[in-house]
Amino acid sequence: WGIRQSQSYHGFHPAPWYLYCRSLSGAGGLRWNDHNRPAEFNFASNVLDYWTQMEQEGKRGPNPALWWVDNQGDEVKWSFGEITDLSRCVANVLTQTCGLQQGDRLALILPRVPEWWLVAIGCIRAGIVFMPGTTQMKAKDILYRLQVSKAKGIVTTDTLAPEVDSVVSECPALKTKLLVSHHSRQGWLDFRSLIKSASTDHTCVKSKTLDPMAIFFTSGTTGLPKMVKHCHGLAWRSSLPSCRKLLQLNPSDVLWCFSDPGWILAVLGALFEPWTAGSTLFVHHLPQFDAKVIQQTLCKYPITQCLAAPAVYRMILQQISTSLRFPALEHCATGGEALLPEEQEEWRRRTGLLLYQVYGQSETGIACGTLRGMKIKPGSMGKSISPLDIQIIDDKGNILPINTEGNIGIRIKPTKPMGLFMCYEDNPGKTAEVECGDFYNTGDRATMDEDGYIWFLGRSDDIITASGYRIGPAEVENALAEHPAVAESAVVSSPDPIRREVVKAFIVLTPEFLSHDQDQLTQELQQHVKSVTAPYKYPRKVEFVPELPKTITGKIKRSELRKKEYGQM
Ligand code: BCO
C-alpha cells in the first residue's frame, strides 16, 4: 500500500537523479501537437502508464511521482508504478464493488490526502466523471452538488460524512459512499481496506478525447453554482509543446501547488502539469494555511517550483519577517486573482525569484501566462497560450484595438480549442449566454498591449474574486437570508490589502434586531454564514443600512454599492 510512516527527509540526496533526469527531455515521449489531436486520449493510460514504463526501463530517475508529507512527520512516496497499480485498484473498486460505470459521476471531496490522487486517476481509468469539491463545503452545498449532478458516488472523509448523511435521503441517485478514514462508519464503504484487497489488473477505458472527464462547480452572479463540464482534452492540452513552455517542468523537478484539490488550479497544477512532465508532485497536507510551515517546508525539501494563488505569496510576505531564501526553489508561478507589480517586486526582493502570473478560470484552465523565461511585464498576466487564442472583444464579439478595455474572449469558432470547457451541464441558456460572436466571453475585463501582453482590469459582473476564490453574491445573500436578523442584503466586492477583494454585506435588519449590539450581530452573522455554506464565502465586512439602493423595478443596484467601496462615487 506504500504509506510509510514518519519517514524523514534525512539522507535524501537530490544530486544523482537530478543530474540524470536533467539529461532526459521532459515528456519527450509524449508527442502531440494541436494539429494532430488524437481521437482517443486518457491521461492514465497515455501519460501515467508511459512514465511507469520509463521507470521500468530505467529511463526515469528514482525520484517519486508523489511526495506527500504532513505536520506529524508522516510521509508517502509513490513512484509512477505504485500510482499505476493503486489507481487500477481504485478503478476496480469503483466499477466492481461500487457498480459505477463509464459516464457516471462521482463527487470527490477530500483534503490534500494521497487518496485524492488515486481516486482522480481511478476515475479517469474507469471513465467515471469526477467532480472535485472543497472540504469547506457544508451539507447544503453538498446536497446541491449531488442533486444537480445526479452523482452516483461520493468519496469523502469522516469530517464530512455526517454532513452527507444528513442530506442523503434527498439524493436518490446516490448509491455508493466511500469513506477515507482510519475508522469505519455505518452505511459507508471503507476505501482503504477495499483498495488493499482489490486487484491491480484493470484495463483502462478507451476514452474519446471529447468524452467527459470532470465537472467543476463555479459561482455565477445569480443563482447557484454552474456545472462546468470538461472532457479528457483538458488533460491532453497539458502535453502540448505550447503548454509545456509555461513551467518547463522536467522529470527532475519537484513541484508544489498549494491550491486545495477542490479547484481546477490543483487539478492542473497538482496533477496534469507535473505528471505529464514526469516530475515529482510535492504535497503538504496543510489543513490550515500556515506561512511558517510553508517557509520551513520550502527550506527543508528540494522543491524547485511552486504554484499558488497571489494571496498565498502575499500572506507569506506579510507574515514572515525572516529569510525567504529557499535552496532549491527556481520558479514561482501564480494565478487565481490579480497580482500587483509591487507584490511581484517584493517577492523578487525577498526571495531573489521572479513571480510569473498565469490566468484562467474553471471554464478555461490556464488560458494565458508569462512563460518561464519570457520577459515579465509587472502587473500583466502574460500572453495567450496556444491552442487558446485570446482577444479583447466588445459585447458583440468584435476584436478591439490594442490598449482598449474590453472582455477577455477566447476564440471558439470555427473550431473550439481542446481543453476549453464543453458546456455548462444542463444549462444551454448559460452556455449560449457566454458565446459572443466567435468567442467565449470570460466576463473578465482587460486590455492587450502591442506585444500581446494581457492586463487584467476586473469583472464585468458582480462576481467577487477574494483571495483566489470566485464567489457569487447570491450564494452569500441566500445564506444571510436564513438568519432572522436579515430583512434583506446585498453582497459586493470590497478592496482589501491582503485578499485583494473581500466579501462585504450590506444588511437591512428586521425590526426585532434593530436595537441589538451591531458588533455582536456582525460576528453572529459571519458565524452563521460559515455554518451554512463553505466558510471562505463569509462576509469579512458587514455594514448595516436602513435600505438598499434599488432600480424602479425593485432590483438591488449592487454596482452602486461596489462603486462606493472602491471610492468611485
Ligand atoms: O479568516 P477566518 O479565520 O475568519 O476564516 C477562514 C477559516 O478559518 C474558516 N474556515 C475554514 N474551514 C472552516 C472554517 N470555518 C469553519 N469551519 C471550517 N471547516 O473560513 C475562512 C476561510 O477562508 P480561507 O479559505 O481564505 O482561509 P485562509 O486560512 O485565510 O486561507 C488563505 C488562503 C490564501 C490559503 C486561501 O484563501 C486560499 O487557498 N486561496 C486560494 C484559492 C485558490 O486556490 N484559488 C484557485 C481557484 S482555480 C482558478 O482560479 C483557476 C486558475 C486557473
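Heads up: the structure comes first, above all this text.
What counts, and where the lines are drawn
- Residues numbered from 1 in each chain as written.
- Predicted model: local features only at pLDDT ≥ 70, side-chain atom pairs only at ≥ 80, totals over all residues.
- Heavy atoms only, no water.
- Buried < 20%, exposed > 50% of the residue type's maximum accessible area, 1.4 Å probe, protein only.
- Helix = DSSP H or I, 4+ residues; strand = E, 2+ residues; numbered from the N terminus.
- Pairing = 2+ DSSP bridges.
- Core = buried A, V, L, I, M, F, W, Y, C linked by side-chain atoms within 4.5 Å.
- Contact = heavy atoms within 4.5 Å.
- 1 Å grid on protein atoms, 1.4 Å probe; cavity = no way out; pocket = protein on both sides within 12 Å on 5 of 7 lines; lining within 4 Å.
- Points joined across faces, edges and corners; volume = space filled by probe spheres on them.
- Nonpolar A, V, L, I, M, F, W, Y, C, P; charged D, E, K, R; others polar.
- Near = heavy atom within 4 Å.
- Polar contact = N/O pair within 3.5 Å; in protein donor to acceptor, adjacent residues only side chain to side chain.
- Axes fitted to C-alpha atoms, helices over the stretch in contact; angles between N-to-C directions.

Asks: Describe in detail the pairing of strand β10 (residues 226-231), supporting the description with residues and values.
Replies: Most of β10 is tucked away: six of the six residues are buried. Side chains of β10 alternate between two faces, with K226, V228 and H230 and M227, K229 and C231 buried alike. Sheet analysis places strand β9 (residues 212-218) next to β10, joined by six bridges and oriented antiparallel. Across the sheet, residue A214 finds its bridge partner in β10, namely H230. In this structure, β10 lies alongside strand β20 (residues 423-424), joined through two bridges in antiparallel fashion. Paired with K229 across the strands is C423, a residue of β20.

Asks: Can you break down the nonpolar core residue by residue, with the values?
Replies: Among the nonpolar cores identified, the biggest contains 100 residues, and F43, L271, F272 and W275 are the most heavily contacted of them. Setting aside anything within four residues of it in sequence, one finds F43 in contact with L48, I121, I124, A235, L271, F272, W275 and T276. The next biggest cluster of nonpolar side chains, apart from the first, holds 28 residues, and it includes F258, L298, A308 and L317.

Asks: Explain the layout of surface pockets to me, using residue names and the numbers behind them.
Replies: A volume near 320 Å³ is recorded for the second largest pocket. Residue assignment for the lining of the second largest pocket shows that the elements contributing at least two residues are α14 (428-433) and β22 (439-448). Tallying contributions element by element places β22 first for the lining of the second largest pocket, with four residues. Here the residues of the lining of the second largest pocket sort into four nonpolar, seven polar and seven charged.

Asks: Quick one: what's the story with empty space enclosed by the protein, residue by residue and with numbers?
Replies: Scanning all chains against the criterion turns up two cavities of 30 Å³ or more. In this structure, the largest cavity occupies an estimated 110 Å³ of space. What lines the largest cavity is L234, R237, S238, C243, L246, L268, E273, I366 and I385. Secondary-structure elements contributing two or more residues to the lining of the largest cavity are α8 (233-237), α9 (241-247) and α10 (264-276). When grouped by side-chain class, the residues that make up the lining of the largest cavity number six nonpolar, one polar and two charged. Taken as a whole, the second largest cavity spans an internal volume of roughly 40 Å³. Contributing to the lining of the second largest cavity are A466, S467, Y469, I471, R499, V502, V503, Y536, Y538 and R540. Where the lining of the second largest cavity is concerned, the elements lending two or more residues are β25 (469-471) and β27 (500-509). Residue classes in the lining of the second largest cavity are distributed as seven nonpolar, one polar and two charged.

Asks: Please give an account of the site of the ligand that cites residues and values.
Replies: Around the ligand, the structure places 22 residues, and the nearest of them are S467, Y469, R499, Y538 and R540. For the ligand, an oxygen atom lies 2.6 Å from a polar atom in the side chain of Y469. At 2.8 Å from an oxygen atom of the ligand is found a side-chain nitrogen or oxygen belonging to R540. Those elements that place two or more of their residues in the shell around the ligand are α10 and α12 (310-319). For the shell around the ligand, the element with the most residues is α12, which contributes three residues.

Asks: Describe the sheet that holds strand β26 (residues 486-496), naming the residues involved and giving the relevant values.
Replies: The sheet built from three strands is open, its strands ordered β26-β27-β28 with mixed pairing. Of all strands in the sheet, those with a lone pairing partner are β26 and β28 (541-544), marking the two edges. Across the sheet, the axes of successive neighbouring strands diverge by a mean angle of 25°, strand direction being ignored. Note: β27 against β28, four bridges, orientation parallel. Bridge pairing links A505 to V542 in β28.

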